[in-house]
Amino acid sequence: MEYEVPSVNTAMKILKVLSRYRYKSCSLKEIAELVNVNKTTCLRILRTLERHDAVKYDPQRKQYSLGPYLVPLGRRALDLNSHLATATAELPVIARQTGLTTVLIRRVSPDRVMYLAVEEPPGDHPKLSVAAGQQFPLAAVAFGRCFLAYEDESSWQDYIHHGLVRYTPQSIVDPEEFVAVLRKTRQDGYSVSHGSLTPGISAVASPIFNHDGQVELVIACLAMTAEMTEEREQAVVSVLQASTRRLSELNDFDAALPSR
């Protein structure tokens, strides 16, 4: 039996909503609607979070946003989580070797993933700039599909049943193609997407497994699609897989055992 404290659950939903760029500043009414709670309860929780500097209130605009205490709290969480710290430390190495913006991704809900950390390559050449905290639909991008590919295939049908979304002309919306791409991801150990969510942006992604064979994190390299030749793509795959294999081994993952 799962135990849940409703107020804590609502507070976490509020923080997750405000962490999304499109909802970075919201009114009480908007937040209450987004987390599906009445305004009175929502206000009490927001005021409690405000007292702890977890949210900030702008009286002129009458809007709430994330508070300043979450900045050192997030850094402290990274310092105290050895798996995250080790994976994050790998990002600048990959960024330097590939010359591409490199991101660490975690699944934050059944259908969304989020950038936990970002590292841009050194030098003055053009690079993609993205921000930690950005969220994306799981099934739409290469790094999201790295999580989904290692689940039981029956779970894939949920996405097919609810309809695959066409974000761009390159989005995968055909059920057979969707299943084939997930199977190939599982077989190859990496996934690639070209403009499937944002036109002109490519991603090459590889999973990090925990000791149970589940995908714990994903590392991805981001590039302009026009710059991602087949030769460069394979070079990026080689760098990524060397890193993610090493990180998986540090988690006591045995590649000889089948993943769940």
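Residues numbered from 1 in each chain as written. Predicted model: local features only at pLDDT ≥ 70, side-chain atom pairs only at ≥ 80, totals over all residues. Heavy atoms only, no water.

Our next topic: the side chain of N210. Residue position: N210 is located in the loop between β7 (201-209) and β8 (215-224). Sequence-distant contacts of N210, defined by excluding residues within four places in its chain, comprise E216, N251 and F253. (Helix = DSSP H or I, 4+ residues; strand = E, 2+ residues; numbered from the N terminus. Contact = heavy atoms within 4.5 Å.)

Turning our attention to the packing of helix α7 (residues 153-162) against helix α8 (residues 175-188). Where α7 contacts α8, the two axes come as close as 11 Å, and the packing angle between them is 145°. As α7 packs across α8, the resulting crossing turns out to be right-handed. On α8, the residues that touch E153, W156, Q157, Y159 and I160 of α7 are P175, F178, V179, L182, R183 and R186. (Axes fitted to C-alpha atoms, helices over the stretch in contact; angles between N-to-C directions. Left-handed = near helix turned anticlockwise from the far one by under 90°.)

Its 14 residues give α8 an end-to-end C-alpha distance of 20 Å, which sits within 8% of 20 Å, the value for a rise of 1.5 Å per residue. All buried positions along α8 are accounted for by F178, V179, L182 and T185. Buried positions in α8, seen along its axis, are confined to an arc of 120° and lie on one side of it. Of the exposed residues in α8, the ones pointing more than 90 degrees away from its buried face are E176, K184 and Q187. Looking at the buried residues of α8, the elements they touch are α6 (142-148), α7 and β6 (191-194). Positive backbone phi, at 85°, marks G189, one or two positions downstream of α8. (Expected span 1.5 Å × (residues − 1). Buried < 20%, exposed > 50% of the residue type's maximum accessible area, 1.4 Å probe, protein only. Arc of directions from axis to C-beta.)

Moving on, we come to the packing of aromatic side chains. Note on aromatic pairs: each is described by the distance of the centres and the angle between the planes. Evaluation of the coordinates by the stated rule reveals six aromatic pairs. Their ring planes at 75° and their centres at 5.6 Å tell us that F136 and F143 sit as a pair that is edge-to-face. Overall, the relative accessible area of 12% leaves F136 in the buried class. Its relative accessible area of 2% is what places F143 among the buried residues. With a centroid separation of 4.9 Å and 85° between ring planes, the pair formed by Y150 and F209 is classed as edge-to-face. Placement of Y150 in the loop between α6 and α7 and of F209 in strand β7 is noted, with a sequence separation of 59 residues between them. Note on F209: relative accessible area 9%, which makes it buried. Grouped by ring-pair contacts, the aromatic residues Y115, F136 and F143 constitute a single cluster. (Phe/Tyr/Trp six-rings, centres within 6.5 Å; stacked < 30°, edge-to-face > 60°.)

So, about the confidence of the model for the protein chain. Looking at the protein chain, pLDDT values average 90 and 97% of them are 70 or higher. Here residues 256-260 is a poorly scored stretch, pLDDT under 50, and it has nine contacts once near neighbours within four places are set aside; other chains count. (pLDDT = per-residue confidence, 0-100.)

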